[in-house]
Amino acid sequence: MQEKLALIGFEWAGSLIRAWAFGANGEILSAVELREGPPATDPQWPGRLRFDFSEWLGDVSGIPIIGCGDVAERLIPANGPVISTPATLAQLPPNLGQHDGIHLVPWISQHAPPDLTCGAETVLVGLGDANGSICIAGPHTRHCVVEHGRLIEFSTEITAELRDLLLSHGTLSLQSDIAQTFDAKVFRDWIERALDTDDSPPVFSVEAAIRQGLLSPTNKSAALAGLMIGADVAAHYDPGDEVLLVADGPLLEAYGFALDALGADVEETSAVEALQDGLFELADLAGLLGED
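Report follows, based on the coordinates. The structure presented is a predicted model; accordingly, all values stated were derived computationally and were not measured.

Attention now goes to the sheet that holds strand S6 (residues 97-99). Spatial ordering of the open sheet is given by S3-S2-S1-S4-S7-S6, a layout of six strands whose pairing is mixed. Strand pairing shows two members of the sheet lacking a second neighbour, strand S3 (28-35) and S6, which therefore form its edges. Taken over all neighbouring pairs, the strand axes of this sheet differ in orientation by 25 degrees on average, direction set aside. Across seven bridges, the pairing between strand S1 (residues 7-13) and strand S2 (residues 16-22) is antiparallel. Bridging from a neighbouring strand, Ala13 pairs with Leu16 of S2. Sheet strands touched by helix H8 (residues 271-285): S1, S2, S3 and strand S4 (65-69). Its angle to S2, the strand with the most contacts, is close to 60 degrees.

Before going further, it helps to examine unusual backbone geometry. In this structure, Pro86 follows Thr85 across a cis peptide bond, with omega equal to -10 degrees. Within the secondary structure, Pro86 sits in the loop between S4 and strand S5 (87-88). Of note, the bond from Ala112 into Pro113 is cis; its omega dihedral lies within 30 degrees of zero at -5 degrees. Within the secondary structure, Pro113 sits in the loop between strand S8 (109-111) and strand S9 (114-116). Unlike most non-glycine residues, Asp100 shows phi in positive territory, near 50 degrees. Checked against the element boundaries, Asp100 lands in the loop between S6 and strand S7 (102-104). Its identity is not glycine, yet Cys118 carries a phi of approximately 50 degrees, on the positive side. Turning to its location among the elements, Cys118 is positioned in the loop between S9 and helix H2 (120-126).

Here is what the cut-offs are and how they apply
- Residues numbered from 1 in each chain as written.
- Predicted model: local features only at pLDDT ≥ 70, side-chain atom pairs only at ≥ 80, totals over all residues.
- Heavy atoms only, no water.
- Pairing = 2+ DSSP bridges.
- Helix = DSSP H or I, 4+ residues; strand = E, 2+ residues; numbered from the N terminus.
- Axes fitted to C-alpha atoms, helices over the stretch in contact; angles between N-to-C directions.
- Contact = heavy atoms within 4.5 Å.

What follows is the structure, given as structure tokens:
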């Protein structure tokens, strides 16, 4: 594989690093997930990263490395990011940053209201010519509007993260002696309740329903997820909207159901594949892969 290796691309989000070894034509030769402390806490993170990659792939000296996500926070100068909405995605390759030889994809900023792409810009590049409303669902979900290669506006919702926080602390926190089971009917029912914007229940309704005997305590997690995802979708889309949903696994199914229930026209694609394509495309456009 060493002879075929042309590029290493990675995303660093929190303590999770997802990395891919690319061949010259963008094919995935190998993939790995690693755990490291957030890069902001250690100025020696490039050395740690290269060590991890050498443990994975062998000698990686001379192989270009490109990354996105939290690690690109280091590119933000004192007066803020250099690329702001409305932004042409073609601005990204010539503005790649570099830290100790590792190339980093800069974030795109928005001022009204304040927001940052934090890696979503790379996914958007990987979507190619996608236009219109784009929902990139993840721990942080981004609702984007793209027109002919320009990111016009976007909104970051930390729906999944908030759900986890609510279930681990405070009034809605889970009891250790009550095992959670996923009930699709409960999940969908609470999505549909949240989509009724004229009578959408507050988050506490989940706890109230349990105390009133209307909801099994074992279904609290499913109900809360449905309520929050439904509210997220209802806040950003209307019936009849055409939406490209970019997600994987349970979030693809959850947001897909919510958008269908709303009455949106939904097209689905993989977020991981878009991220991989975006990293390779940006590296190619920036000249990291050499001459064709």
